[in-house]
Amino acid sequence: MNLIGLRLCEHDSNISYYDGTNFHYYKSERDFQIKHHGFDNFWEWKNIVYKLWNLKEKDIDDIAIIIDPWRHKFPLNQEGFFPVIENYPHLPFKVSRINHHYAHALSTEVIYDDIKGHMIMDGYGDLDQALTVIKNNKIIKRLKVSENESLGRLYAMTGENSFQIQASSHHDIAGKLMGLQSYGRIDEEFYKTLNKYNFEDLKEVFNRDNFIRFKKNEMLAGLEKLSWMATIHKKTGELLVDYFKKFFKENDSIGYSGGVAQNVIWNTLLKTNFPNLKILPYCADEGLSIGALEYLRRKHKLKKPILKNFPYSQSDEAPPTSPTLRTIKQTAKALSENKLVLWYQGHGEIGPRALGNRSILFNPFNKDAKEIVNQIKKREAYRPFGASVLKEDAHRYLKNPIDNPYMLYVSDVINPNLYGITHVDKSCRYQTVGYYGTLPHLDKKIFHSLLKEFKKITGESILLNTSLNIAGRPIMGSKQNLLSLTNHPGIDMVVFGNEIIKKCKK
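Note that this is a predicted model, so its numbers are computed, not measured.

A.B. asks: I would appreciate a short explanation of the sheet that holds strand β6 (residues 96-98) in the present structure.
C.D. replies: Pairing between the strands of a sheet comes from backbone hydrogen bonds, and it takes one of two forms, parallel or antiparallel. Here we have six strands laid out as an open sheet, ordered β3-β2-β1-β4-β6-β5, and mixed in their pairing. Where the open sheet ends on each side, the last strands, each with one partner, are β3 (23-27) and β5 (84-85). Two strands pair when backbone bridges link them, and strand β4 (residues 62-66) and β6 are joined in this way by two bridges, in the parallel orientation. Considered in β6, the bridge of Ile65 is made with Arg97. Packing against the sheet, helix α2 (residues 44-52) makes contact with β1 (3-7), β2 (14-18), β3 and β4, and its axis sits at approximately 140° to β3. Relative to β6, helix α3 (residues 100-109) is tilted by about 80°, and along the sheet it contacts β1, β4 and β6.

In C-alpha cells:
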C-alpha cells in the first residue's frame, strides 16, 4: 500500500511517503533553495515527488493533507474540526484533511510509543488555534489566537516590532530574538511585577507598555529594551512550566511540538522539570506531513514504517561514497589546524539543525572562531553557534549536560577556552554524539569517527557545528549547492562523501 502525507501552502511544504515498509521524506526548500518554500498550487508537488520516488498517480492508495485554506480562499467554516475531515471537498484529488495540531502530535508518536499526552504550541495551527493539549486522541484544552494571542506570534512580533529584527521570512525572527535576548540583564524589580500573570495572560506579559510605566519614562525603557526582553523571556519560561504542570505529572512521557518547541532555552527548563519530555528535530511544521502519514498508517492498520538512519531522512542528493578513515583523518587534521570545513555526508537531516551530515565545522577553541565562520554564514554577530561533542565527554565542557542528539537543549559552558561556541550568557546549544545515539536507528558513525579523530590529535572532542547554508538560504541538498560556495576564500576544505573537492592549502 502506498500512502502520501502532504503539508502544502504558505510555508515549509513537506511531503512524506510510505510504501508499506519504508519511509521517504521531501522538503521543497532543499530542492528549490528558497527558505521556508511553500507550494502555491496543488499539482506541482506531483510532478516532483512522483518522479523522485518512481511513482504513478494510480499507485497511490490514500492521501492526507494539512492545509492553510485561507491561502486559497477556501471556506473557513470548518476550522475548529478535530481530528480529520474525510474527503475534503475543495481539492482536485481525493484527500483527508488532518487537524494541524493533531498532525504535530502524531508526528511525535511515529518515533515514541510511550507518549501519555501532547502539548502543541505555535504561532497558530488551523487559523485561530494557538495551543492544544491532547490526551488519548482527545482535545482536553485549546487556546485561541483571537482570545489569548499565541506565544509564537507574540514572540515573533516582539522581535519584529520592538527590535526591528529582519529576516527573509518572518518564521526566522523568533530564533534570532532567542539569541539576542541573552544580551539583556534580568530586571528583578520589574520581574516581581509579572508575578500576577499566568500563562493565559501572555499578552500582558509581552505588553511593553507595562515596562514603560514601570520605568516611568519611555526613553529609559527604550534604553533598557534588552533587559525588558530578557526579563519577560525568563518569566515566560517559568509560566510555561507552570502550565505544563496543570496537565502533566513530573514523570509523564510528554510529546511537545509546534514552532515554540524550537526555543532551546525554554526546552531546557521544561526538560529539567519533566525528564521524559519528548521533542523531535522536526517539531515545527517540517513534521506535519509525517503526522499525516501516521494518521493514514493507523487508518489502514499497517506496521510502523522503517525510518532508516533517522533523522538523516531527506530525499536529497547523497554522495555516492562514504568517507574512508583516511578522509576522516585528513578532515580532523585540517580542523585541528583551524581550517574551515564544509562537511556534506549521506542524506540531509530532517529539521533545521545541522546534526553532522550538512555542517560547517570549525575548531571552537580558536579565539576568532565566530568571526571566521561568519565570513561564510553572514549572520548577525549577536547570534550564537552550536556545538557537537562526543556524548561520553560532554561533561568536560558543559555543566550538567543531558543526552541531546538533536541539538534541542542548552547548557552552560564550563571550559573558558571554548570561544567559538560560548554565547554571551555562557551557554551553548549542543549535540551529543554517541556511536548509535539514543534510538536504534540513529546512526552517527561517520560523524562520531570524525570527533574521535579530532580528539586523537588535539585531546578535545568538541567542534563548532553550524548548518551548511548562508544567511537567508536553506540547508544545502545537492552537490551543485555545495559547489556554489567552494570558491569562497574563507573556505579551506570541502568534503562531499569521500571526495575532497577543495583541499587545504599548505
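A.B. asks: Even after reading the chapter, I still don't get the packing of aromatic side chains, so can you show me in this structure?
C.D. replies: When we look at a pair of aromatic rings, we describe it by the centre distance and by the angle of the planes. Taken as a whole and judged by the stated rule, the model has 22 aromatic pairs. With a centroid separation of 5.0 Å and 70° between ring planes, the pair formed by Phe82 and Tyr102 is classed as edge-to-face. Taken together, the residues span a long stretch of sequence, with Phe82 in the loop between β4 and β5 and Tyr102 in helix α3 at a distance of 20 residues. Judged by its relative accessible area of 25%, Phe82 falls in the partly exposed class. Judged by centre distance (5.3 Å) and plane angle (85°), the rings of Phe244 and Tyr256 are edge-to-face. Placement of the pair is Phe244 in helix α11 (residues 225-247) and Tyr256 in strand β10 (residues 254-257), with a sequence separation of twelve residues. Here a set of aromatic residues connected by ring pairs shows up, and it is made of Phe244, Phe248, Tyr256 and Phe274.

A.B. asks: I would appreciate a short explanation of α2 in the present structure.
C.D. replies: One full turn of an α-helix is made of 3.6 residues, so residues set three or four places apart face in the same direction. Every buried residue of α2 is listed here: Trp45, Lys46, Ile48, Val49 and Tyr50. Those residues of α2 hidden inside the fold are in contact with β1, β2, β3, α1 (28-32) and β4. Positive phi shows up at Asn54, right after α2, with a value of about 55°.

A.B. asks: Explain a nonpolar patch on the surface here, please?
C.D. replies: Residues Met219, Leu220 and Leu223 make up a contiguous nonpolar surface patch of about 360 Å² in total accessible area. Inspection of the secondary structure assignment puts Leu220 in helix α10 (residues 218-223).

A.B. asks: I would appreciate a short explanation of the side chain of Gln314 in the present structure.
C.D. replies: Looking at the secondary structure, you find Gln314 in the loop between α13 (288-299) and α14 (325-336). Classification of Gln314 by relative accessible area gives buried; the value is 3%. If we ignore the near neighbours within four places in the chain, the residues touching Gln314 are Tyr25, Lys27, Arg30, His347, Gly348, Glu349 and Ile350.

A.B. asks: I tried to follow the packing of α14 against helix α17 (residues 445-458) on my own but got confused; where do I start?
C.D. replies: Helix-helix packing is described using two parameters, namely the angle between the two axes and the distance between the axes. Interaxial distance between α14 and α17 falls to 8 Å at its minimum, and their mutual angle equals 50°. With respect to each other, α14 and α17 are oriented oblique. Our pair here, α14 against α17, has a crossing hand that is right-handed. Contacts from Leu325, Ile328, Lys329, Thr331, Ala332, Lys333, Leu335 and Ser336 in α14 reach Ile446, Ser449, Leu450, Glu453, Phe454, Ile457 and Thr458 in α17.

Rules used throughout
Residues numbered from 1 in each chain as written. Predicted model: local features only at pLDDT ≥ 70, side-chain atom pairs only at ≥ 80, totals over all residues. Heavy atoms only, no water. Pairing = 2+ DSSP bridges. Helix = DSSP H or I, 4+ residues; strand = E, 2+ residues; numbered from the N terminus. Contact = heavy atoms within 4.5 Å. Axes fitted to C-alpha atoms, helices over the stretch in contact; angles between N-to-C directions. Phe/Tyr/Trp six-rings, centres within 6.5 Å; stacked < 30°, edge-to-face > 60°. Buried < 20%, exposed > 50% of the residue type's maximum accessible area, 1.4 Å probe, protein only. Patch = residues over 30% accessible without salt bridge, like charges linked within 9 Å, V, L, I, M, F, W, Y side chains within 5 Å. Areas by Shrake-Rupley, 256 points an atom, 1.4 Å probe, with all protein chains shown as cover. Salt bridge = Lys/Arg side-chain N within 4 Å of Asp/Glu carboxyl O. Parallel < 35°, antiparallel > 145°, perpendicular 65-115°, else oblique. Left-handed = near helix turned anticlockwise from the far one by under 90°.

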